[in-house]
Amino acid sequence: MDAISHLYLALRISLDPFNLLACFLGVLFGTLVGVLPGLGPTAAISLLLPITFTLTPVQSIIMLAGIYYGAQYGGSTTSILVNIPGEASSVVTCLDGYQMARKGRAGPALGISAFGSFIGGTFTIVMLMLLAPPLAGIALKFGPPESASIMFFGLTMVTYLSSGSMVKALMMAIFGLLLGCIGTDLITGQQRYTLGIIDLEDGVGLVPVVMGLFGISEVLSNLENLERKREIFKTDMRGLLPTKQDWKDSAGPIARGSLVGFFLGLLPGGGALIASLISYAMEKKIARNPEKFGTGDIRGVAGPETANNAGAGGAFIPLMSLGIPCNVVLAILMGAFMIHKITPGPLLLKEHPDLFWGVVGSMYVGNIMLLILNLPLIGIWVKILKIPYAILFPLIFLFCLIGSYSLNNSLFDILTMIIFGIIGYFMKKFHYDAAPLVMAFVLGPMLEENLRQALLISRGSPGIFFSRPISFLFVTVSLVLLVSPYLLRLFRKQRPGLLIKEGDGL
Amino acid sequence: MNRELFSSVFWLAVGALFFFGSFRYSIFRSGIPGAGFFPFMGGILLIVLSLVVLISALAPSKKQLTAEESKEKFFSQKDSYKRILLALLALFVYWLALGYLGFLLTTFLFMLFLLRFIDPQRWITTLTVSFLTTISAYMLFNLWLKVRLPPGIWKI
């Protein structure tokens, strides 16, 4: 009974003409930016964030969610056609997708990745509907120690799973936390680190920070190399639909990809990228003829493409029910929630049921739109790929400039964005990952508030985190994760052979 | 120049700024963590981790490795730095000029500069793209999304 009324609510809100339009524009822009090489979902959502602020909260979140999963779709198109992953989670799609394109089977590759994404996406939406409400119910009983420890765990996982050096990832997470301290202290109302600048009283803006880190810095590093000509394969519409044999081959990978993607999506720091990597490795291992992978095997496209969309959807569950963003895109989405004065988390379902169910409903609708949109629009996406970067990059710059200005009509925000563009550029050069920084920056103020309230309850004793079972669990696991690389290094020195073998598996 | 050295010193300085800054706020008073508590702890951690990177960059076993690394060029093409500096210059000038020259003129000149002087396009392309972008950005943001873009001294 309850489920039916929820479904009704979801459909009613998502089928409202304006919400439908928001969803449509979201998936369209998302795919567009996802197609453009070098601009993945993170950049897509950062670039388009300001546009959504003039909308109502429901429309805005529907549109941003659409941009997110739309960009996942778009990313696979460039992987297959030009061997350039539009975003990180489509890297493995290049392996077999591009080979399929070279063999003249670009159509089925694009087709199966669209269908696979659709199936994976739909599966996780159903799981989101089923799992988020009970999880939120549990989370409602959490006090400050539990909330603080779960946020701590989330940040730890992100640094643990981030690419490159873990020490550097930790440094970035801490820098993000410190950045979050700038502005008015939530508990005492004191001004911290504002240097007397009025624009800093509300803190450093999220929009200029992410636009700088993911927009400007990306362009700056692309400007180092003048681009070479890309080879794009022609596809004709008739060949787009996968054959019966393709479907037979892909059924297993799609089913497994949905499950793998979903579970990894739930994990903080997991999400789409790892989901697609693991799905590829798993399919290769299961296959009776693994040597065919890498030569244009449709299974190598179907599995990862399904998994990355399932992962993208799965990540919504912890955000909507616990208020924990599992990856950087969802952290930005969370920032968008908060700009609309809505805190995602257990109270979201209770206080804004229209928003929760509206977004869930729009994800169904959006996935169907993407499927219908993308198959015929591939020709247009290919044309967009041909726009030279020399014309594209000034447009990206302009978008960032207007975007960061528009939220507060503030020239200071433009300066902030340029500075973070420079910082982000050097971070790329010196191999510092920006994802932990942004996640910590978004979570920071809440983590600090909960931490300080927990310590207030315990009168300053950190024992409170260990005396409650839930916070004990999360804090202990986090501490183990933080220490484990060093333990492993000691272990490796003693028995080098063992670990290298494990490393070969993937 | 050693990259690890450079970056770790930078983060060390950032950590130190937040660490010393935190003494201006209450850190911990009668068992209650104050406004300075969080940046104090964060500052310490950032300093310690930067030192870890710094020390391992200076360690004799790594020296050879980093020496090889520094031999690899910082920029991948000879004139890379020129394009990056020009792009940054354009961004800063945009920021400075926007309030005076207004959105329309600043944007047009900004696009013109980037299109013509970084990876030079033909004049006809440059002018067309700059013009169309300026007009459509104005329509999208000012007229449709109701962002009040700076009119500048012309009041348009």
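Note that the structure is predicted; figures quoted are calculated from it, not measured.

Helices and strands together make up the secondary structure of chain A, namely 22 helices and two strands. Taking 2.2 N^0.38 as the reference for a compact globule, 506 residues should give roughly 23 Å; the C-alpha atoms of chain A span a radius of gyration of 22 Å, in line with that estimate. Considered along the principal axes of its C-alpha atoms, chain A spans approximately 70 × 60 × 60 Å. Each of the 506 residues in chain A was classed as buried or not, and the buried ones make up 59%.

Another point: the overall build of chain B. When helices and strands are counted, chain B shows five helices and two strands. Shown N-terminal to C-terminal, the secondary structure of chain B runs as helices and strands in the order α-β-β-α-α-α-α. Classification of the 156 residues of chain B by burial places 29% in the buried group.

The next subject is helix α1 (residues 3-21) of chain B. Residues and elements named next belong to chain B. With 19 residues, α1 should cover 27 Å at 1.5 Å per step; its first-to-last C-alpha distance of 27 Å lies within 8% of that length. All of the buried residues along α1 are Glu4, Ser7, Ser8, Trp11, Gly15, Phe18 and Phe19. Looking straight down α1, one finds its buried side chains confined to an arc of 110°; they lie on one side. Among the exposed residues of α1, those oriented more than 90 degrees off its buried face are Ala13 and Phe20.

Time to look at helix α19 (residues 434-457) of chain A. With 24 residues, α19(A) ought to run about 34 Å at 1.5 Å a step, and its terminal C-alpha atoms sit 34 Å apart, in line with that. In the stretch just after α19(A), A:Arg459 is the one whose phi turns positive, near 55°.

This part takes up the domain arrangement of chain B. Parsing chain B into structural domains produces domain 1 (3-71) and domain 2 (80-154). A straight line from the C-alpha centre of domain 1 of chain B to that of domain 2 of chain B covers 39 Å.

With that out of the way, let us pick up the packing of helix α2 (residues 17-35) of chain A against helix α4 (residues 57-82) of chain A. Residues and elements named next belong to chain A. At a closest axis distance of 6 Å, the pairing of α2 and α4 adopts a crossing angle of 30°. Considering only the axes of α2 and α4, their crossing is right-handed. A breakdown of the residues in the contact of α2 with α4 according to their chemical character gives 20 nonpolar, 13 polar and no charged.

Looking now at unusual backbone geometry. Residues and elements named next belong to chain A. A positive phi angle is found at tyrosine 193, which is not glycine, with a value near 55°. Examined against the element boundaries, tyrosine 193 turns out to sit in the loop between β2 (191-192) and α9 (206-223). One non-glycine residue, leucine 195, lies in the positive phi region at around 55°. Note on placement: leucine 195 falls in the loop between β2 and α9. According to the C-beta neighbour criterion, leucine 195 is exposed, with 8 such atoms within 10 Å.

Our next topic: the interface of chain B and chain A. The interface is formed by 52 residues belonging to chain B together with 44 residues belonging to chain A. Here the side of chain B that touches chain A gets 15 residues from one element, more than from any other, and that element is helix α4 (residues 80-117) of chain B. When grouped by side-chain class, the residues that make up the side of chain B that touches chain A number 33 nonpolar, 14 polar and five charged.

Before going further, it helps to examine the nonpolar core. Soluble, globular proteins show a tendency: their nonpolar side chains are buried together. Counting residues in each nonpolar core, the largest one holds 196 residues, and the members touching the most others are A:Ile45, A:Tyr68, A:Ile332, A:Leu333, A:Val438 and A:Met439. The leading source of residues in this core is helix α6 (residues 106-139) of chain A, at 15 residues. Residues lining this core come from more than one domain, with at least three contributed by each of domain 1 (3-71) and domain 2 (80-154) of chain B.

Here we take up the environment of A:Pro57. All names here are of chain A. With respect to the secondary-structure elements, proline 57 resides in helix α4. Sequence separation of proline 57 and alanine 336 is 279 residues, and the distance between their C-alpha atoms is 9.0 Å. With sequence-adjacent residues up to four places away left out, proline 57 is seen in contact with His340, Ile342 and Leu355.

The next point concerns the confidence of the model for chain B. If pLDDT is low for a region, its predicted coordinates should not be looked at in detail. Residue and element names in this part refer to chain B. Residues of chain B with pLDDT of at least 70 account for 88%, and the chain-wide mean is 84. α4 holds the highest mean pLDDT among the elements of chain B, 92, whereas helix α3 (residues 60-71) holds the lowest, 56. Model confidence for the complex: the whole-complex pTM is 0.86, and ipTM, which rates the interface, is 0.91.

Once that is clear, we can look at the packing of helix α14 (residues 328-339) of chain A against α19(A). Residues and elements named next belong to chain A. It is at 9 Å that the axes of α14 and α19 come closest, and there the two elements cross at 30°. The angle between the axes of α14 and α19 places the two elements in the roughly parallel class. α19 is crossed by α14, and the crossing has left-handed handedness. Between α14 and α19, the residues in contact are Val328, Ala331, Ile332, Met334 and Gly335 and Ala435, Val438, Met439 and Val442, respectively. Looking at the contact of α14 with α19 residue by residue, the class counts come to eight nonpolar, one polar and no charged.

A few words now on the environment of A:Leu370. Structurally, A:Leu370 is set in helix α16 (residues 353-385). Discounting chain neighbours no more than four positions away, the residues touching A:Leu370 are A:Val27, A:Gly70 and A:Tyr73.

Residues and elements named next belong to chain A. Overall, the predicted model of chain A reaches an average pLDDT of 83, with 92% of residues at or above 70. Mean pLDDT values over the elements of chain A span from 36, in helix α22 (residues 496-505), up to 93, in helix α18 (residues 411-429). Confidence over residues 495-506 falls short of pLDDT 50; this stretch has two contacts with residues more than four positions distant or in other chains.

Another aspect to go through is the environment of B:Ser136. Residues and elements named next belong to chain B. Looking at where serine 136 falls in the secondary structure, it is placed in helix α5 (residues 123-144). With 10 C-beta atoms packed within 10 Å, serine 136 lands in the exposed category. Linking serine 136 and tyrosine 100, residues 36 residues apart in sequence, is a C-alpha distance of 21 Å.

Reading the values: rules and limits
- Residues numbered from 1 in each chain as written.
- Chains lettered and ligands numbered in written order.
- Predicted model: local features only at pLDDT ≥ 70, side-chain atom pairs only at ≥ 80, totals over all residues.
- Helix = DSSP H or I, 4+ residues; strand = E, 2+ residues; numbered from the N terminus.
- Rg over C-alpha atoms; globule rule 2.2 N^0.38 Å.
- Buried ≥ 20, exposed ≤ 12 C-beta atoms within 10 Å, placed from the backbone.
- Expected span 1.5 Å × (residues − 1).
- Arc of directions from axis to C-beta.
- Domains from an automatic or database assignment.
- Axes fitted to C-alpha atoms, helices over the stretch in contact; angles between N-to-C directions.
- Left-handed = near helix turned anticlockwise from the far one by under 90°.
- Nonpolar A, V, L, I, M, F, W, Y, C, P; charged D, E, K, R; others polar.
- Contact = placed C-beta atoms within 7 Å.
- Core = buried A, V, L, I, M, F, W, Y, C linked by C-beta atoms within 7 Å.
- pLDDT = per-residue confidence, 0-100.
- Parallel < 35°, antiparallel > 145°, perpendicular 65-115°, else oblique.

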